[in-house]
Amino acid sequence: MMNDAPADSAQGRSGQEELVIRVRDLVVGFGERNVIDGMDMDVRKGEILGVVGPSGTGKSVSLRAIIGLTPKRAGKVEVFGVDLDEATDEERLGIERRWGVLFQQGALFSSLTVRQNVEMPLREHTKLSPKLREEIARLKIDLVGLKPDAGDRFPSELSGGMIKRAALARALALDPDIVFLDEPTAGLDPIGANAFDRLIMTLKETLGLTVYLVTHDLDTLTTACDRIAALKGGKVLAIGPMSEMVKNDDPWMKEYFRGERARAAGIGATAA
Ligand SMILES: Nc1ncnc2c1ncn2[C@@H]1O[C@H](COP(=O)(O)OP(=O)(O)OP(=O)(O)O)[C@@H](O)[C@H]1O
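Residues numbered from 1 in each chain as written. Predicted model: local features only at pLDDT ≥ 70, side-chain atom pairs only at ≥ 80, totals over all residues.

**Overview of the overall build of the chain**
Point 1. Looking only at helices and strands, the chain features 10 helices and 10 strands.
Point 2. For a compact globule of 272 residues, the expected C-alpha radius of gyration is about 19 Å, and the chain comes in at 19 Å, within 12% of that figure.
Point 3. Oriented by its inertia axes, the alpha-carbon framework of the chain measures out at about 55 × 45 × 45 Å.
Point 4. Residue burial in the chain is summarised as follows: out of 272 residues, 39% are buried.
Point 5. Long-range pairs, those at least 24 residues apart, make up 66% of the contacts in the chain with a sequence separation of at least 6. (Helix = DSSP H or I, 4+ residues; strand = E, 2+ residues; numbered from the N terminus. Rg over C-alpha atoms; globule rule 2.2 N^0.38 Å. Buried ≥ 20, exposed ≤ 12 C-beta atoms within 10 Å, placed from the backbone. Contact = placed C-beta atoms within 7 Å.)

Structure below.
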């Protein structure tokens, strides 16, 4: 199979990429069912890792389990070399400050303006003055390509693309090293989705972000992702660049990466 050899430590061995997230034997379930059932995953520093898989296979659950929003039944999650189960409250908080999350549908507070939404993590995690918080929120709103007046608007007054950008601005509020994005281009038209992909790539390049990106979007996978992790049956079926994905003979992988939609997106031409 095409799984990359796991590195020995979160620091990485010499000559290997540095890992920022290291997941081993992760099990997450609800009721009698384990949705994630023995998942291993390495996320390298500075990469955009696209996470794909059949609907309901546990992509969002994997994201939520890594950040601790959904409890795991077994396994280990290390972020920046720290085992989150063994971290002190202080260490854990320190790590939480180093990641930002964009949930599906943006999940902005509807009663707050965009600027107040972006300020929220700064209120929770810092003692900055209101003036400084507001200034930082303005900068983040600008960074994601929204006009300054968008800051005064409420989420209900924004287009789908603007909501995603506003949610991204909030995810970037604390200058994170990692961002978790759950289907950021879902519901956007192709032009809006493409612009969002470019924004993520620019932020990765300029800010050195590591990105865990759950998506169904073949264009995003081709344009933005350095590597792809395909989940199936609660495990990582394959992880690697697109050039490896298109050669995988698993039936779902074949259909997804070499089927009609993939061909329309210009993928598959590189398949053997
Ligand atoms: N809080 C929960 N309680 C019970 N079941 C849940 C919960 N959260 C997720 N699930 C179940 O876990 C499975 C995986 O859900 P998840 O949202 O991770 O899928 P996904 O791979 O992201 O799918 P999609 O591509 O359709 O968004 C689904 O069957 C879902 O119903």
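**Description of the domain arrangement of the chain**
Point 1. As far as domains go, the chain holds domain 1 (19-98 + 177-264) and domain 2 (107-175).
Point 2. The centre of domain 1, based on its C-alpha atoms, is set 24 Å off from the matching centre of domain 2. (Domains from an automatic or database assignment.)

**Side note on the packing of helix H3 (residues 114-125) against helix H4 (residues 130-143)**
Axes are the key here: two packed helices are described by the angle between their axes and the distance separating the axes.
Point 1. One can describe the packing of H3 onto H4 by two numbers: an axis separation of 9 Å at closest approach and a directional angle of 120°. On the basis of the axis angle, H3 is oblique to H4. Considering the relative orientation of H3 and H4, their crossing is right-handed. The segment H3 lies against H4, with Val114, Arg115, Val118, Glu119, Leu122 and Arg123 engaging Arg133, Glu134, Ile136, Ala137, Lys140 and Ile141.
Point 2. Class assignment for the residues of the contact of H3 with H4 results in six nonpolar, no polar and six charged. (Axes fitted to C-alpha atoms, helices over the stretch in contact; angles between N-to-C directions. Parallel < 35°, antiparallel > 145°, perpendicular 65-115°, else oblique. Left-handed = near helix turned anticlockwise from the far one by under 90°. Nonpolar A, V, L, I, M, F, W, Y, C, P; charged D, E, K, R; others polar.)

**Re the sheet that holds strand E3 (residues 48-52)**
Point 1. Here we have six strands laid out as an open sheet, ordered E6-E7-E8-E3-E9-E10, and mixed in their pairing. Where the open sheet ends on each side, the last strands, each with one partner, are strand E6 (99-102) and strand E10 (235-240). Ignoring strand direction, the axes of neighbouring strands in this sheet form an average angle of 15°.
Point 2. Against the sheet, helix H1 (residues 59-66) contacts E3, strand E7 (178-182), strand E8 (210-214) and strand E9 (227-232), and its axis sits at roughly 145° relative to E8. (Pairing = 2+ DSSP bridges.)

**Things to note about the pairing of E9**
Point 1. By the bridge criterion, four bridges tie E3 to E9 in an arrangement that is parallel. In the strand pairing of E9, valine 51 is matched with alanine 229.
Point 2. Here five bridges tie E9 to E10, and the two strands are oriented antiparallel to one another. Across the sheet, residue alanine 230 finds its bridge partner in E10, namely alanine 238.

**Side note on the environment of leucine 102**
Point 1. One can find leucine 102 in strand E6.
Point 2. You can call leucine 102 buried: it has 26 C-beta atoms within 10 Å.
Point 3. Considering only alpha carbons, one finds leucine 102 and valine 114, 12 residues apart in sequence, at a separation of 14 Å.
Point 4. Dropping the residues within four chain positions of it, leucine 102 is found in contact with Ala167, Leu168, Ala171, Val179, Leu181, Asp182 and Pro184.

**Quick look at unusual backbone geometry**
For residues other than glycine, phi is negative in most cases, and the peptide bonds are mostly trans.
Point 1. Phi is positive for aspartate 25, which is not a glycine, with a value near 50°.
Point 2. Its location among the elements puts aspartate 25 in strand E1 (residues 19-30).
Point 3. Look at aspartate 25 and you get partly exposed, because 14 C-beta atoms sit within 10 Å.
Point 4. Even without being a glycine, phenylalanine 80 presents a positive backbone phi close to 50°.
Point 5. Tracing the backbone through its elements, the reader meets phenylalanine 80 in the loop between strand E4 (74-79) and strand E5 (82-83).

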